[in-house]
Amino acid sequence: MVLSDRSIREALESGRLVIEPLGDNAVQPASLDIRLDRYFRVFRNHRQAYIDIREEIPDLTEQEEVADDEPFVLHPGEFVLGSTVERVKLANDIVARVEGKSSLGRLGLLVHATAGFVDPGWDGQLTMELSNVSTLPIRLYYGMKIGQLSFQNLTTPADRPYGHPELRSRYQGQTRPTASRIYRDYQSGS
């Protein structure tokens, strides 16, 4: 079952759920608002003819940073990586789902392509997969509410939560938007 506002507050108080820093009025009836950080990973498509998922491509994206009140302009059809202001830490018996804000979705902003699930044991900032499917550019600002997390309890704690050594979790502890590390699946010893 999805956690209610009361259950979210209880999870925060007990430490099963850590959100740092917790925004003002972040706890909603059945979710928790998350905000956009100032860092973005912008794709530099002119540098590569294609993406080979078996190869590390360190120059495929570049990090950009915006000042407190400076907009980041996301153009129609553009895809960038952003991250949450908040560090999110989940106990071994709770999972989260990332969802966009309805008001932003109505403008054509999508906040995740496929990575909307946050495993038990996760600890770090969340990378957002931002796409503009509208016909006009959208200005994004540091600290704006970008999405929401809903939470569910597992039937039992995970035996091998995210970050467990056997899983070789790629993104545990990440800060700022993090580029794909799928190439590690194809390295020897991975």
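Relevant structure appears above.
Quantities reported herein were computed from a predicted structural model and do not represent experimental measurements.

Trainee: Could you give an account of the overall build of the chain, with specific residues and numbers?
Mentor: In terms of helices and strands, the chain carries 2 helices and 11 strands. Secondary structure elements of the chain, listed N to C terminal, follow the sequence α-β-β-β-β-β-β-α-β-β-β-β-β. Reported as C-alpha extents along the three principal axes, the dimensions of the chain are approximately 50 × 45 × 25 Å. Looking at the 190 residues of the chain, the share that counts as buried comes to 41%. Of all intrachain contacts in the chain linking residues separated by at least 6 positions in sequence, the fraction that spans at least 24 positions is 74%. Total accessible area computed for the chain in this model is approximately 10700 Å², and 47% of it derives from carbon and sulfur atoms. Separation of charge centres in the chain, based on 22 positive and 27 negative side chains, amounts to 1 Å.

Trainee: Account for the side chain of S131, naming residues and giving values.
Mentor: As for its placement among the helices and strands, S131 is situated in strand 9 (residues 123-132). For S131, a relative accessible area of 17% gives the class buried.

Trainee: Quick one: what's the story with the nonpolar core, residue by residue and with numbers?
Mentor: Most often, soluble globular proteins have nonpolar side chains that are buried together. Core analysis: the largest hydrophobic core is formed by 38 residues, its most contacted members being F40, L90, L130, L140, I146 and F151. In terms of residues, this core owes the most to one element, strand 2 (residues 32-43), which gives 5 residues. With residues up to four places along the chain from it excluded, the contact list for L130 reads L36, F40, L74, E78, F79, V80, G82, L110, V111, L140 and I146.

Trainee: Outline the pairing of strand 5 (residues 79-90), supporting the account with residue identities and numerical values.
Mentor: A large share of strand 5 lies buried, amounting to 9 of its 12 residues. In the sheet, strand 1 (residues 17-20) pairs with strand 5 via 4 bridges, with the strands oriented antiparallel. Bridging across to strand 5, V18 finds its partner in K89. Here strand 2 pairs with strand 5 via 4 bridges, running antiparallel.

Trainee: Residue-level account of a nonpolar patch on the surface, with values.
Mentor: There is a patch of nonpolar side chains on the surface, built from I51, I53 and Y186 and spanning about 300 Å² of accessible area. By the element assignment, I51 lies in the loop between strand 2 and strand 3 (61-65). A relative accessible area of 54% places I51 in the exposed class.

Trainee: Lay out unusual backbone geometry in plain terms, naming residues and giving numbers.
Mentor: A cis geometry characterises the amide bond from E20 onward to P21, with omega recorded as -10°. Looking at the element boundaries, P21 is found in the loop between strand 1 and strand 2. The phi angle at N25 is positive, at roughly 55°, despite the residue not being glycine. Relative to the helices and strands, N25 resides in the loop between strand 1 and strand 2. Its identity is not glycine, yet R168 carries a phi of approximately 50°, on the positive side. By the secondary structure assignment, R168 is in the segment after strand 11 (145-153).

Calculation criteria
- Residues numbered from 1 in each chain as written.
- Predicted model: local features only at pLDDT ≥ 70, side-chain atom pairs only at ≥ 80, totals over all residues.
- Heavy atoms only, no water.
- Helix = DSSP H or I, 4+ residues; strand = E, 2+ residues; numbered from the N terminus.
- Buried < 20%, exposed > 50% of the residue type's maximum accessible area, 1.4 Å probe, protein only.
- Contact = heavy atoms within 4.5 Å.
- Areas by Shrake-Rupley, 256 points an atom, 1.4 Å probe, with all protein chains shown as cover.
- Lys, Arg positive; Asp, Glu negative; His and termini not counted.
- Charge placed at Lys NZ, Arg CZ, Asp CG, Glu CD.
- Core = buried A, V, L, I, M, F, W, Y, C linked by side-chain atoms within 4.5 Å.
- Pairing = 2+ DSSP bridges.
- Patch = residues over 30% accessible without salt bridge, like charges linked within 9 Å, V, L, I, M, F, W, Y side chains within 5 Å.
- Salt bridge = Lys/Arg side-chain N within 4 Å of Asp/Glu carboxyl O.

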